[in-house]
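Structure assessment
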Amino acid sequence: MTNFLSLSDVTDLDALIQSGRDAKANPFADQHIGKNKTIGLIFFNSSLRTRLSTQKAAQNLGLNVMIMNVGQDSWGLEMEEGVLMNGDKAEHVREAAAVIGRYCDIIGIRAFAELKDRNADYREQVMHQFAKYADVPIVNLESATRHPLQSLADCITIDEAKRVARPKVVLTWLPHFKPLPQAVANSFCEWMNARAQAGAVEFVMTHPEGYELAPEFAGNARVIYDRAEAFAGADFIYGKNWSSYTQYGQVLTQDPSWAVTMNDMALTNNGKFMHCLPVRRNLKVSDAVLDGPQSLVIEQAANREWSAQAVLKEILKRA
Ligand code: CP
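Residues numbered from 1 in each chain as written. Predicted model: local features only at pLDDT ≥ 70, side-chain atom pairs only at ≥ 80, totals over all residues. Heavy atoms only, no water.

The name recorded for the protein chain in an unreviewed UniProt entry is N-succinylornithine carbamoyltransferase, from Spirosoma montaniterrae. Per its UniProt entry, the protein chain bears the Subunit (unreviewed entry) comment "Homotrimer." On record in UniProt, under Pathway (unreviewed entry), the comment for the protein chain is "Amino-acid biosynthesis; L-arginine biosynthesis." (UniProt positions renumbered as here; feature names shortened; annotations may be inferred.)

Put into structure tokens, the structure is as follows:
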């Protein structure tokens, strides 16, 4: 693995999931692999889990860690080529990425969708510009269209919590008043489609009409618009809000009946509830679900450390 931008950078998903589980069982087994090397974590957007779990994973592998919030700690960065830089961006990514690449052996980048222009967001300009100019491996810490470190943690969580060989996993849309990116849902769908193809899960999606994901992410996933039918017999309910892809960035409904409650969980096969966090309590999912025995959200967030460690180890092995 050189870059970790999407699932396509993973050659053996089963092995990567097992590597994360091995790291969880023995966090310091590879504590010398990153000795005298440095990772830079560059944030264009806020974070709790990604920032801390990736830092912790890097430290477990002996890496030095530098963190920078773009625009707050640094100059604002221009991404477009050939422009007259007479706006509020004082530095171009060509220089910024090249310079950070001289200080770091690996660079992690978080840059969300702006939800104004679908083509611009789905072009993934920030990731690609850093990959082009940094000359070191790039790790996606959540981009405009994907959150692969989250998806790997989700795979680890499902793998360790499943009670049957091929659990039924349901991705369900949740209500929210703000438009949110599709990145987590896109990625989860992409990774679950791969797991379904490998026979590891049965994957189903449910959402209101108008919230269909981009075809390249939805793939062959089964969409059941009847939510109760989708939840029936589920082993895992994965909740997430996303804004519309087809009517790009819009909130088409805030229907509160899509929030997950104990009544919904009662339709499942004593299923577990998952969410990437942060989550707005009682808007998207009830306190009773989050605080009850069916919730996996804390363990899922804890597994972000092991997903990051598995990915960084893979990159360091090839550095
Ligand atoms: N799930 C996740 O990426 O959390 P943060 O946005 O807090 O990093």
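Moving on from the model shown.
Section: the environment of arginine 227
Within the secondary structure layout, arginine 227 lies in helix 9 (residues 227–231). Counting along the chain gives 141 residues from arginine 227 to asparagine 86, while the straight-line C-alpha distance between them is 50 Å. Apart from the residues within four sequence positions on either side, arginine 227 is in contact with Thr172, Thr206, Ser257, Trp258, Ala259, Val260 and Asp264. For arginine 227, the side chain forms a polar contact with the main-chain oxygen of serine 257, separated by 3.3 Å. Of note is the side chain of arginine 227, whose polar atom sits 3.3 Å from the backbone oxygen of tryptophan 258. (Helix = DSSP H or I, 4+ residues; strand = E, 2+ residues; numbered from the N terminus. Contact = heavy atoms within 4.5 Å. Polar contact = N/O pair within 3.5 Å; in protein donor to acceptor, adjacent residues only side chain to side chain.)

Considering the sheet that holds strand 6 (residues 138–140)
Spatial strand order, 2-1-5-6: four strands in an open sheet with parallel pairing. Edge positions in the sheet fall to strand 2 (64–69) and strand 6, since each has one partner strand and no second. Taking the axes of each pair of neighbouring strands and ignoring which way they run, one obtains an average angle of 20° across the sheet. Summarising the sheet, strand 1 (residues 38–43) and strand 2 pair through six bridges and their orientation is parallel. The partner of isoleucine 39 across the bridge, within strand 2, is valine 65. (Pairing = 2+ DSSP bridges. Axes fitted to C-alpha atoms, helices over the stretch in contact; angles between N-to-C directions.)

Observations regarding the nonpolar core
Judged by nonpolar contacts, the single largest core of 52 residues is most densely connected at Phe4, Phe203 and Leu312. Once residues within four sequence positions are removed from consideration, phenylalanine 4 is found in contact with Asp9, Val10, Ile138, Val139, Asn140, Pro148, Leu149, Trp191, Val311 and Ile315. The next biggest cluster of nonpolar side chains, apart from the first, holds 20 residues, and it includes Val70, Ile109, Tyr133 and Ile138. (Core = buried A, V, L, I, M, F, W, Y, C linked by side-chain atoms within 4.5 Å. Buried < 20%, exposed > 50% of the residue type's maximum accessible area, 1.4 Å probe, protein only.)

Quick word on the packing of aromatic side chains
What the rule picks out here adds up to 10 aromatic pairs. Between tyrosine 122 and phenylalanine 217, the aromatic rings sit 6.3 Å apart at their centres with planes inclined by 70°, giving edge-to-face as the arrangement. In this pair, tyrosine 122 is assigned in helix 4 (residues 118–122) and phenylalanine 217 in helix 8 (residues 215–218), connecting sequence segments 95 residues apart. Phenylalanine 217 carries the same exposure label as tyrosine 122, and that label is buried. Ring centres of tryptophan 173 and tryptophan 258 lie 6.0 Å apart, and the angle between their planes is 80°; on these two criteria the pair is classed as edge-to-face. Of this pair, tryptophan 173 sits in strand 7 (residues 168–173) while tryptophan 258 sits in the loop between strand 10 (236–240) and helix 10 (262–265), placing them 85 residues apart in sequence. Across this residue pair, the class does not change: tryptophan 173 and tryptophan 258 are buried. A network of ring pairs unites the aromatic residues Tyr122, Phe217, Tyr245 and Tyr248 as a single cluster. Here the guanidinium or amino end of arginine 118 rests over the ring plane of tyrosine 245, the centre of that ring lying 4.0 Å away. Geometry around phenylalanine 231 places arginine 227 over its ring, the cationic atom sitting 4.8 Å from the centre. (Phe/Tyr/Trp six-rings, centres within 6.5 Å; stacked < 30°, edge-to-face > 60°. Lys NZ or Arg CZ within 6 Å of the ring centre and 35° of its normal.)

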